[in-house]
Amino acid sequence: MAAGTSTWASGDTGWRGPHPGRHQLLAPVPQDAYDNVTLDVELARREGWCFGAKLVRGAYMAQERTRAAEIGYEDPINPTYEATNAMYHRCLNYVLEELKHNTKAKVMVASHNEDTVRFTLRRMEELGLYPADRQVYFGQLLGMCDQISFPLGQAGFPVYKYVPYGPVMEVLPYLSRRALENSGVVKGAWRERQLLWQELKRRLRTGRLCHRPA
Ligand SMILES: Cc1cc2nc3c(=O)[nH]c(=O)nc-3n(C[C@H](O)[C@H](O)[C@H](O)COP(=O)(O)OP(=O)(O)OC[C@H]3O[C@@H](n4cnc5c(N)ncnc54)[C@H](O)[C@@H]3O)c2cc1C
């Protein structure tokens, strides 16, 4: 399982960029994620295929740890949340720098973490990567962190909203796993409530309760 999440799961990311090539999943929860990303970027350069990655922090951390303990190999997961964050940003930064030199390469920043989105926007600006170039995509789950997705979309960034669907008995456990894993979602829900409340007060103050888009 560790190899499956840290290695690049070719063609299995649920995301397909517009250029042919491998589109892979990178999950920096494992400690060797940075080595994997540099290796794959190098392979893409040498073999001439188009690099694309969906970058997630990684799920199923507890299962990974249980499996490592059961089988008796070293725990592959970063020791702390902070270590996972540092690894995510290190991998992301490396990929963004690659994008600067390789205009066909692409990345999806699949995260509900506001700091990660801010980090991406700042590095894009510093590196001169523009939303219209369609090299950097963002991804969030439907109903989660809309306060991140909508402004990004309005500002011209390509944003994917994942729509989990299927039999209730399968979708509910999936959503509850996501809610448990995503500390960002809990913070996000709270933030979303704050923002909605602010907007309501603003409309009451200005006497314009109904929004009529132009
Ligand atoms: C659009 C989208 C697509 C996704 N697709 C996939 C997918 O294909 N495969 C997949 O596996 N996951 C996928 N995920 C889930 C993803 O891997 C994360 O679990 C989830 O997004 C939470 O991370 P975050 O960056 O949003 O937020 P945050 O809340 O900032 O990060 C939470 C994550 O930090 C890590 N973490 C938390 N505590 C610790 C700790 N003590 N030690 C080490 N690490 C820790 C875990 O990875 C946890 O999921 C997807 C998420 C999104 C938004």
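Residues numbered from 1 in each chain as written. Predicted model: local features only at pLDDT ≥ 70, side-chain atom pairs only at ≥ 80, totals over all residues. Heavy atoms only, no water.

Undergrad: Explain the pairing of strand β4 (residues 136–141) to me, using residue names and the numbers behind them.
TA: Burial runs high along β4: six of the six residues are buried. Here β4 shows a buried face lined by V136, F138 and Q140 and a second buried face lined by Y137, G139 and L141. With four bridges connecting them, strand β3 (residues 106–110) and β4 associate as parallel partners. Bridged to A110 within β4 is G139. The parallel pair β3 and β4, bridged by helix α5 (residues 114–127), forms a crossover whose chirality is right-handed. Alignment of β4 against strand β5 (residues 159–162), held across four bridges, turns out to be parallel. If you follow L141 over to β5, its bridge partner there is Y162. After leaving β4, the chain enters helix α6 (residues 146–154) and then returns to the sheet as β5, a path that is right-handed. (Buried < 20%, exposed > 50% of the residue type's maximum accessible area, 1.4 Å probe, protein only. Helix = DSSP H or I, 4+ residues; strand = E, 2+ residues; numbered from the N terminus. Pairing = 2+ DSSP bridges. Right-handed = clockwise from strand over helix to strand, strands pointing away.)

Undergrad: For the pattern of salt bridges, give the residues involved together with the corresponding values.
TA: As enumerated under the stated definition, the model contains 12 salt bridges in all. Among the ionic pairs, E126 bridges to R122, the shortest N-O distance being 3.1 Å. Here E126 pairs with R122, and both are found in helix α5, just four residues apart, close to one helical turn. Each of the salt bridges in this network shares a partner with another, and the network as a whole consists of E42, R45, R46 and E98. (Salt bridge = Lys/Arg side-chain N within 4 Å of Asp/Glu carboxyl O.)

Undergrad: Requested: an account of the environment of R193, with residues and values cited.
TA: One can find R193 in helix α8 (residues 183–206). In this structure, the C-alpha to C-alpha distance between R193 and Q147, residues 46 residues apart in sequence, is 9.7 Å.

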